[in-house]
Amino acid sequence: MMINRLSVPPTDTEVDHWWAVLASARTADLPRLPPPSRTEVAGELLVTSVRGRTVHWATEDGVARLVLFTDGTNDRTAFLDELTVRPDARRRGTGTALWELAREELLADGRTSVAAEVELGGPGQAFAEAVGFENVLSMAWYVQDVQEARWVQGAQAAKEGAGAGSPAPGYELHCWPGLVPDAWAPAVAVAHGAMEDAPTGGLEQQIQTWTAERLHAAHRKILDRGGALTTVAAVTPDGEVAAYTELVLLDPAGPRALQYDTVVVPAHRGHGLGRAVKLRMLAEAATRHPDLRTIATSVADDNTPMLAVNAALGYRRERGVGYFQLTL
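Note that the coordinates shown come from a computational prediction; the quantities given were computed from them, not determined experimentally.

Q: How should I be thinking about the nonpolar core in this particular structure?
A: Generally speaking, nonpolar side chains in soluble globular proteins are found buried as a group. Within the largest apolar cluster, 30 residues are counted, with the highest numbers of intra-cluster contacts made by Leu247, Leu292 and Ile295. Mapped by element, the contributors of at least two residues to this core are β6 (134–145), α5 (146–160), β7 (172–177), β8 (228–235), β9 (241–249), β10 (256–264), α8 (273–288) and β11 (294–300). For this core, the element with the highest residue contribution is α8, accounting for seven residues. Not counting residues up to four positions away in its chain, the partners in contact with Leu292 are Val146, Gln147, Leu249, Gly254, Pro255, Arg256, Ala257 and Ala285. Counting 19 residues, the second largest nonpolar core, distinct from the first, contains Trp176, Ala233, Val235 and Tyr244.

As structure tokens, then:
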């Protein structure tokens, strides 16, 4: 079996091959989800993670991507971002061969653990458990239909006599397509620190300290990959970001968006700000991306407050996933 590292940057042929493998696996394993577009796959391959060194491998029937963190906080751990084999070529040793290469890379680099996001109940879980991974954080993907949600929430807002997404008194909603403006980036970075109390289970990976520069680097990566990004924030009169949410389209022409972080700073909880920023985001998404059909987000099973917010906004559970971890 021939296993090659991808060129830096990958060639068009390598991108096409990677795309074909992922599309075939998604169609077989998650037929209700749209397959990844070439724009999405090419962006991920051509613009690598800002958090660390990325290594890509490919065989005739499989692909793997490993991110070795170099962010100063997680330099002893790593993330297995991809390990996928064509459905018609499974159980022939391809996945095992790719994993062994990744494991060798981890050990050579002095890593003590590695994590991966795994679909529960699918072939990935069986493989992960067979090589020693354990589920340390159970989660699920939740999805919202954009058109249905706009109708339901518009009717609710009319009944309440308020505009959709109206914040509590003392707060104002701001919307920033693309990069957060320089003047607001430090305040958003500070608010990001509220993620520290989000459930992380037994993951060794720690939440890094955010700065304006780190925020812009993460957001610029999304844009450089060909994606679209919008941030909605609830702010106070003195310029504090009390809550925010991020919406990402990995392919702006695609039918599915991802809601990244939704954060409410502890001192401002209990005012409905999580609901407010999400409602405003829904309205922005529908206006800016008329072909958008669904918004998906992942939430830990024990993140009760965010689960309640999402349920009130019409998100439905789509499928279970877990963060699996292996100690080397």
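Q: What's the story with helix α7 (residues 212–224) in this structure? I'm lost.
A: Taking 1.5 Å as the rise per residue, α7 with 13 residues should run 18 Å; its terminal C-alpha atoms sit 18 Å apart, in good agreement. Taken together, the buried positions of α7 are occupied by Ala212, Leu215, His216, Ala218, His219 and Ile222. Each buried residue of α7 sits inside an arc of 160° when the element is viewed along its axis, so together they form one side. In this fold, the buried residues of α7 make contact with α6 (185–192), β8, β9 and β10. In the segment just after α7, Gly226 is the residue with positive phi, at about 95°.

Q: Help me understand unusual backbone geometry in this model?
A: Across the chain, the bulk of peptide bonds are trans and the bulk of non-glycine residues have phi less than zero. A cis amide bond, omega 0°, links Val8 with the succeeding residue Pro9. Among the secondary structure elements, Pro9 is positioned in the loop between β1 (4–5) and α1 (12–29).

Q: Just checking my understanding: could you explain the packing of aromatic side chains for this structure?
A: Aromatic ring pairs are defined here through the distance separating the ring centres and the angle between the ring planes. If you walk through the whole model with that rule in mind, you get three aromatic pairs. For the pair Phe79 and Tyr323, a centre-to-centre distance of 6.2 Å together with 45° between the ring planes defines the contact as tilted. Separated by 244 residues along the polypeptide, Phe79 in strand β4 (residues 77–85) and Tyr323 in strand β12 (residues 316–327) bring together distant segments of the chain. On the accessibility criterion, Tyr323 (22% relative accessible area) is partly exposed. Positioned above the aromatic ring of Phe69, the side-chain terminus of Arg51 is 4.4 Å from the ring centre.

Q: Could you clarify how one ought to interpret the pairing of β12 in this entry?
A: On a regular strand, one side chain projects to one face of the sheet and the next to the other, so that they alternate. Where strand β5 (residues 113–119) and β12 come together, seven bridges link them in antiparallel fashion. Residue Val114 lies in a different strand from β12, and its bridge partner there is Leu326.

Q: It is not clear to me how α8 should be interpreted in this structure. Could you clarify?
A: Because the α-helix completes a turn every 3.6 residues, residues three or four places apart line up on one side. Between its first and last C-alpha atoms α8 spans 22 Å; for 16 residues at 1.5 Å apiece the expected length is 22 Å, and the two agree. Burial in α8 covers these residues: Leu273, Gly274, Ala276, Val277, Lys278, Leu279, Met281, Leu282, Glu284, Ala285 and Ala286.

Q: What exactly am I supposed to notice about the environment of Gly122 here?
A: Structurally, the position occupied by Gly122 is in the loop between β5 and α4 (123–130). Residue Gly122 is classed as partly exposed on the basis of its relative accessible area, which comes to 22%. When the C-alpha atoms of Gly122 and Leu223 are compared, they prove to be 31 Å apart, with 101 residues separating the residues in sequence.

Q: What's the story with the pattern of salt bridges in this structure? I'm lost.
A: The tally for this structure, following the rule as stated, stands at 16 salt bridges. In this structure, Asp71 and Arg51 form a salt bridge, with 2.7 Å as the shortest nitrogen-oxygen distance. One end of the pair, Asp71, is in the loop between β3 (62–69) and β4; the other, Arg51, is in the loop between α2 (38–46) and β2 (52–58), and 20 residues separate them in sequence. Judged by relative accessible area, Asp71 falls into the buried class, the value being 10%. What emerges from the salt-bridge pattern is a single network uniting Arg5, Arg53, Glu105, Asp109 and Arg111.

Q: What am I meant to see in the confidence of the model for the protein here?
A: Caution is warranted with low-pLDDT regions, since their predicted coordinates should not be read in detail. Per-residue pLDDT for the protein averages 91, and the proportion of residues at 70 or more is 94%. pLDDT under 50 marks residues 158–163. Its contacts with residues more than four places away, or in other chains, come to three contacts.

Q: Help me out: how do you make sense of the packing of α6 against α7 in this one?
A: Angle between the axes and distance between the axes are the two parameters that describe a pair of packed helices. Relative orientation of the contacting elements α6 and α7 amounts to 90°, with a least axis distance of 8 Å. For the element pair α6 / α7, the angle class is roughly perpendicular. On α7, the residues touching Ala185, Pro186, Val188 and Ala189 of α6 are Ala212, Leu215 and His216.

Q: Which parts of the structure should I look at to understand the sheet that holds β4?
A: Paired through their backbone hydrogen bonds, the strands of a sheet run either parallel or antiparallel. Strand order in this open sheet of twelve strands is β1-β2-β3-β4-β5-β12-β6-β11-β10-β9-β8-β7, and the pairing throughout is mixed. At either margin of the open sheet sits one strand with a lone partner, and together these are β1 and β7. Pairing geometry for β10 and β11, over three bridges, is parallel. Looking at β11, one finds that Arg256 is bridged to Thr294. Contacts from α4 reach β4, β5 and β12 within the one sheet, and its direction differs from that of β5 by about 155°. In the packing of helix α9 (residues 304–312) onto the sheet, contacts are made with β6, β10 and β11, and the angle to β11 comes to roughly 155°.

Q: Would you explain the pairing of β4 in this entry?
A: Burial analysis of β4 places seven of its nine residues in the buried class, which makes it a mostly covered element. Bridge analysis of β3 against β4 gives seven bridges, and the strand direction is antiparallel. Pairing of Leu68 across the sheet is with Ala78, part of β4. Across three bridges, β4 lies against β5 in parallel orientation.

So, how was this worked out
As a convention, each chain's residues are numbered from 1 in the sequence order in which they are written. Local features are withheld for residues below a pLDDT of 70 in this predicted model, meaning they are given only at 70 or higher, and side-chain atom pairs are given and counted only at 80 or more; totals for whole chains, interfaces and linings count all residues. With hydrogens and water set aside, each side-chain value is computed from the structure's full complement of heavy atoms. Among buried residues, those of type Ala, Val, Leu, Ile, Met, Phe, Trp, Tyr and Cys that are joined through side-chain atoms within 4.5 Å constitute a nonpolar core. Accessibility here uses a 1.4 Å probe with only protein chains present; expressed as a share of the type maximum, an area under 20% marks a residue as buried, one over 50% as exposed, and anything in between as partly exposed. A helix here means a DSSP run of H or I that spans at least four residues, while a strand means a run of E at least two residues long, and both kinds are numbered starting from the N terminus. We call two residues contacting when some pair of their heavy atoms lies within 4.5 Å. Any helix carries an expected span of 1.5 Å times its number of residues minus one. Comment: arc refers to directions from the helix axis out to C-beta atoms. Note on ring pairs: Phe, Tyr and Trp rings are taken, using the six-membered ring of Trp, and paired if centres are within 6.5 Å. Classes follow the plane angle, with under 30 degrees stacked, over 60 edge-to-face and the rest tilted. Only Lys NZ and Arg CZ are tested; either one counts as a charge over a ring when it is within 6 Å of the ring centre and within 35 degrees of the ring normal. In this analysis, strands are considered paired if DSSP registers two or more bridges between them. By definition here, a salt bridge exists when the distance from a side-chain nitrogen of Lys or Arg to a carboxyl oxygen of Asp or Glu is within 4 Å. What pLDDT expresses is the predictor's confidence in each residue, scored from 0 to 100. Only the contacting stretch of a helix is used when fitting its axis, a line to C-alpha atoms as for every element, and angles between N-to-C directions run 0 to 180 degrees. Should an angle fall under 35 degrees it is called roughly parallel, over 145 degrees roughly antiparallel, and 65 to 115 degrees roughly perpendicular, with every other angle called oblique.

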